Amino acid sequence: MSLKGQFKQQMYKEDLVPVIKQGIFVAFVGGLLIGAINLLALYLGGISIVWMLCILMAFYLAKRIKSAYIEYHIWYSIISVIFFIIGFYLLNVVSNAGFLFVLNYVDIHVYLQTLNPLPYFSFLLPLTWLGGWMNILNGALNFLFFGIAIYYAFSNSKKR
């Protein structure tokens with residue numbers, strides 16, 4: 001079926017509400033949990049395992065959304081991607097705010113700056129990769145893993 005035909009299919013409210021509930025659940029719980037685990041890994045070992053955990057979050061998001069509906073609609077895959085992006089944002093907020101808390105920052109303005117989503121998604125703009133070969137490699141890898149996680153959340157949220 002064509003993409004236009006997939007959007008024209010009938011969508012049932014009985015399926016949409018559980019899909020949204022599962023998406024909200026995984027985005028919030030997954031984002032908070034992955035942010036805390038990433039903070040712990042950065043604090044104890046100095047390494048970031050965020051992309052491995054993001055792909056795991058995309059797996060569980062797709063699995064829970066797949067089990068939440070009876071009749072598939074393409075909007076369920078789009079909802080899966082939207083909630084993955086929300087979960088990614090939340091994990092960055094938790095990780096950065098937790099890192100500031102560990103460093104004993106008390107200025108509320110510094111904590112409010114962690115709510116700005118632009119730094120967390122700056123790797124999507126290739127012009128921000130300029131500045132050296134390490135920045136280019138880091139930006140390209142972040143872009144690649146983000147794309148893999150988005151693709152996984154989109155494609156695996158439909159029943160086969």
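Preceding this paragraph is the structure being described.
Q: Tell me about the packing of helix H3 (residues 50-66) against helix H6 (residues 133-155), and name the residues and values.
A: At a minimum axis distance of 8 Å, the contact between H3 and H6 shows a crossing angle of 10°. Between H3 and H6, the interaxial angle falls into the category roughly parallel. Read as a crossing pair, H3 and H6 show a hand that is right-handed. The segment H3 lies against H6, with Trp-51, Cys-54, Ile-55, Ala-58, Phe-59 and Ala-62 engaging Asn-142, Phe-145, Phe-146, Ile-148, Ala-149, Tyr-152 and Ala-153. Here the contact of H3 with H6 is composed, by residue class, of 12 nonpolar, 1 polar and no charged.

Q: Any chance you could break down the packing of aromatic side chains for me, citing the residues and the numbers?
A: In the structure shown here, the tally under the stated rule is 15 aromatic pairs. These aromatic residues form a ring-pair network of at least three members: Trp-51, Phe-84, Phe-88, Phe-121, Phe-123 and Phe-146.

Q: If you had to explain the packing of helix H2 (residues 13-45) against H3 to someone new, which residues and values would you point to?
A: The N-to-C vectors of H2 and H3 enclose an angle of 160°; their axes lie 10 Å apart at closest approach. As judged from the angle between their axes, H2 and H3 are roughly antiparallel. Once H2 is placed against H3, the crossing between them reads as right-handed. In contact with Val-19, Gln-22, Gly-23, Phe-25, Val-26, Gly-30, Gly-31, Ile-34, Ile-37 and Asn-38 of H2, H3 contributes Val-50, Leu-53, Cys-54, Met-57, Tyr-60, Leu-61, Arg-64 and Ile-65. For the contact of H2 with H3, a count of residues per class yields 12 nonpolar, 5 polar and 1 charged.

Q: Got a sec to walk through the environment of Val-102? Specific residues and values, please.
A: In this structure, Val-102 sits in helix H4 (residues 74-102). With a relative accessible area of 33%, Val-102 lands in the partly exposed category.

Q: Describe unusual backbone geometry, and please don't skip the residues or the numbers.
A: The phi dihedral of Asn-104 falls on the positive side, at around 65°, and the residue is not glycine. In this fold, Asn-104 is placed in the loop between H4 and helix H5 (108-113). Judged by relative accessible area, which is 63%, Asn-104 ranks as exposed.

Reading the values: the criteria
- Residues numbered from 1 in each chain as written.
- Predicted model: local features only at pLDDT ≥ 70, side-chain atom pairs only at ≥ 80, totals over all residues.
- Heavy atoms only, no water.
- Axes fitted to C-alpha atoms, helices over the stretch in contact; angles between N-to-C directions.
- Helix = DSSP H or I, 4+ residues; strand = E, 2+ residues; numbered from the N terminus.
- Parallel < 35°, antiparallel > 145°, perpendicular 65-115°, else oblique.
- Left-handed = near helix turned anticlockwise from the far one by under 90°.
- Contact = heavy atoms within 4.5 Å.
- Nonpolar A, V, L, I, M, F, W, Y, C, P; charged D, E, K, R; others polar.
- Phe/Tyr/Trp six-rings, centres within 6.5 Å; stacked < 30°, edge-to-face > 60°.
- Buried < 20%, exposed > 50% of the residue type's maximum accessible area, 1.4 Å probe, protein only.

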